Amino acid sequence: MQFSHDDDEFRGQVADWLAANVPAELRGAGGPGREHEAFPERLAWNRRLAAAGLTCLGWPAAYGGRDATLMQQVIFYEEYARSGAPARVAVVGEELLGPTLIAFGTREQKERFLPPVAAVEELWCQGYSEPGAGSDLASVATTATPDGDEWVITGQKVWTSLAQWADWCFVLARTEPGSRRSHGLSYLLVPMDQPGVTVRPIRQLTGTSEFNEVFFDGARTDRANVVGEPGDGWRIAKATLEFERGVGMLGQQVGFRRELDELIELARRTEAGDDPLIRDRIARAWVGLEVIRAYALATLAAPPGAGVEASVLKVLWSRWHQALGELAMDVRGAASMTGTSMTGTSMTGTGTEGELDLWQQLFLFGRAETIYGGSDEIQRNIIATRALGLPRQARG
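Residues numbered from 1 in each chain as written. Predicted model: local features only at pLDDT ≥ 70, side-chain atom pairs only at ≥ 80, totals over all residues. Heavy atoms only, no water.

Caption draft 1: A look at the overall build of the protein chain. Helix and strand content of the protein chain: 11 helices and 8 strands. At 21 Å, the protein chain has a C-alpha radius of gyration in line with the 21 Å of a compact globule built from 396 residues. For the C-alpha atoms alone, the extent of the protein chain along its principal axes is close to 70 × 50 × 45 Å. Element-wise, carbon and sulfur atoms account for 53% of the exposed surface of the protein chain, whose accessible area totals about 18600 Å². The average position of the 39 basic charges and that of the 52 acidic charges among the side chains of the protein chain differ by 4 Å. (Helix = DSSP H or I, 4+ residues; strand = E, 2+ residues; numbered from the N terminus. Rg over C-alpha atoms; globule rule 2.2 N^0.38 Å. Areas by Shrake-Rupley, 256 points an atom, 1.4 Å probe, with all protein chains shown as cover. Lys, Arg positive; Asp, Glu negative; His and termini not counted. Charge placed at Lys NZ, Arg CZ, Asp CG, Glu CD.)

Encoded structure:
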């Protein structure tokens, strides 16, 4: 990837601003499996980013964005990850809902919803998966029926990240009675603060509750809050999933690199560093991460829906990161079996006995990475049918 002189100047500006503004006490906070950490402080930080013009970079300026080029977006995510800045709390609205509304929303929807997203004044969550429709998203059973000037939503969503803090949820619901699979679905914008919405946290292996189940029991939203035409929700929902796997992946890989580097340092200080099998696995992890980055860069410019690149990348990074957690447990040896909490945000710190350290959290939360965002099985089926031309698997 070649960066221009303007790109290099932009990188310097972003790096300098982050170096001067990232609060030391928030460095590394809120990563995967730790979204509960310092939420009010991270919300304030996210609003500070917005005030500095460092949110919604790729959005058109007319909608509160920066009209940043693809290269500049890559640069921002890389520098953000390098700085150790905390995980942002407005990602769902900024990176999923925003681009979806820009592409498919009405003028009124853009005017109503985009400014609060850009200013981090309203937070969003994603109402896709259900107990009977996780990876098989087309099987959603949540319904929405018209009632005067409103939609009435009934059903349950699950694995809903950040729902406990969200002001709004974009919900995939069945609006045509008797419809099946991807037909008859609509993409609705639903307020969370109302009597018909109940959010219940789901406790995970790590002991924390980043995901939630959400119950809609006669919840309501305006008839105008359907994106696209009623019944066209499947097309729009798929586009949102494509936006989900965008340039942010490059920043994620910088975070992966930092974890790998810290694991290498840990191995050097322990007997694991002398084990030829461990050394071989570390070398393979390094090569694997280089492959992921090279593939991401090579396919970054592909337009949404152009192919199976997003599915290939999801399989690559989720399995790599899951394997890194397993490698970390082997590097730590017997110590990985006992609970010790970490001080600070470094993966190599030590703490008091009885709690999970960050390597253990990585290992346990990593079990979900090949499931959420599209399970490996579904992604492999997409690759097989769309890229390789293999026949679809017969349904029982």
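Anyway, onward from the coordinates.
Caption draft 2: Just the packing of helix H1 (residues 5–21) against helix H3 (residues 70–83), in detail. Where H1 meets H3, the closest approach of the two axes is 9 Å, and the angle between their N-to-C directions is 30°. Put simply, H1 runs roughly parallel to H3. With respect to the hand of their crossing, H1 and H3 are arranged in right-handed fashion. Residues Asp 7, Phe 10, Arg 11, Val 14, Ala 15 and Leu 18 of H1 form the contact with H3, whose own contacting residues are Met 71, Gln 72, Ile 75, Phe 76, Glu 78, Glu 79, Tyr 80, Arg 82 and Ser 83. Tallied by class, the residues present in the contact of H1 with H3 amount to 8 nonpolar, 2 polar and 5 charged. (Axes fitted to C-alpha atoms, helices over the stretch in contact; angles between N-to-C directions. Parallel < 35°, antiparallel > 145°, perpendicular 65-115°, else oblique. Left-handed = near helix turned anticlockwise from the far one by under 90°. Contact = heavy atoms within 4.5 Å. Nonpolar A, V, L, I, M, F, W, Y, C, P; charged D, E, K, R; others polar.)

Caption draft 3: Looking closely at the environment of Asp 232. Within the secondary structure, Asp 232 sits in the loop between strand E8 (226–227) and helix H6 (233–244). Residue Asp 232 is classed as partly exposed on the basis of its relative accessible area of 22%. Between the alpha carbons of Asp 232 and Tyr 187 there is a distance of 7.6 Å; along the sequence they are 45 residues apart. (Buried < 20%, exposed > 50% of the residue type's maximum accessible area, 1.4 Å probe, protein only.)

Caption draft 4: Representation of the packing of helix H8 (residues 276–299) against helix H9 (residues 309–332) within the structure. Following both chains from N to C, one finds H8 and H9 inclined at 160°, their axes separated by 10 Å at the closest point. In terms of axis orientation, H8 runs roughly antiparallel to H9. For H8 against H9, the interelement crossing comes out left-handed. Every residue of H9 that contacts H8 at Ile 278, Arg 281, Ile 282, Ala 285, Gly 288, Leu 289, Ile 292, Tyr 295, Ala 296 and Thr 299 is listed here: Glu 309, Val 312, Leu 313, Leu 316, Trp 317, Trp 320, Glu 326, Leu 327, Asp 330 and Val 331. When the residues that make up the contact of H8 with H9 are grouped by side-chain class, the tally is 14 nonpolar, 2 polar and 4 charged.

Caption draft 5: Examining the nonpolar core more closely. In this structure, Leu 260, Leu 263, Trp 320, Leu 327, Val 331 and Trp 359 are the most contacted members of the largest nonpolar core, which totals 26 residues. Contributions of two or more residues to this core are made by helix H7 (248–268), H8, H9 and helix H10 (358–365). The dominant element in this core, judged by the number of residues it contributes, is H9, at 8 residues. Not counting chain neighbours up to four residues away, the residues in contact with Trp 320 comprise Phe 256, Leu 260, Ala 285, Gly 288, Leu 289 and Ile 292. Counting 24 residues, the second-largest nonpolar core is a separate cluster that includes Tyr 128, Val 140, Trp 168 and Leu 172. (Core = buried A, V, L, I, M, F, W, Y, C linked by side-chain atoms within 4.5 Å.)

Caption draft 6: Looking closely at the packing of aromatic side chains. In the structure shown here, the tally under the stated rule is 14 aromatic pairs. Ring centres of Phe 76 and Tyr 80 lie 5.5 Å apart, and the angle between their planes is 40°; this geometry places the pair in the tilted category. Of the two residues, Phe 76 and Tyr 80 both sit in helix H3, 4 residues apart, roughly one turn of that helix. Using a relative accessible area of 1% as the deciding quantity, one classes Phe 76 as buried. Its relative accessible area of 8% is what places Tyr 80 among the buried residues. Through successive ring pairs, a cluster of aromatic residues spans Phe 113, Trp 124, Tyr 128, Trp 168, Phe 170 and Tyr 187. Taking the ring centre of Trp 151 as reference, the NZ or CZ of Arg 223 above it sits at 5.3 Å. (Phe/Tyr/Trp six-rings, centres within 6.5 Å; stacked < 30°, edge-to-face > 60°. Lys NZ or Arg CZ within 6 Å of the ring centre and 35° of its normal.)

Caption draft 7: Representation of the side chain of Arg 88 in the model. Within the element layout of this structure, Arg 88 appears in the loop between H3 and helix H4 (91–104). Among the polar contacts made by the side chain of Arg 88, one reaches the side chain of Glu 94 at a distance of 3.2 Å. In this structure, Arg 88 is in contact with Arg 42, Asn 46, Leu 49, Tyr 77, Tyr 80, Glu 94 and Glu 95, ignoring residues within four places of it in sequence. (Polar contact = N/O pair within 3.5 Å; in protein donor to acceptor, adjacent residues only side chain to side chain.)

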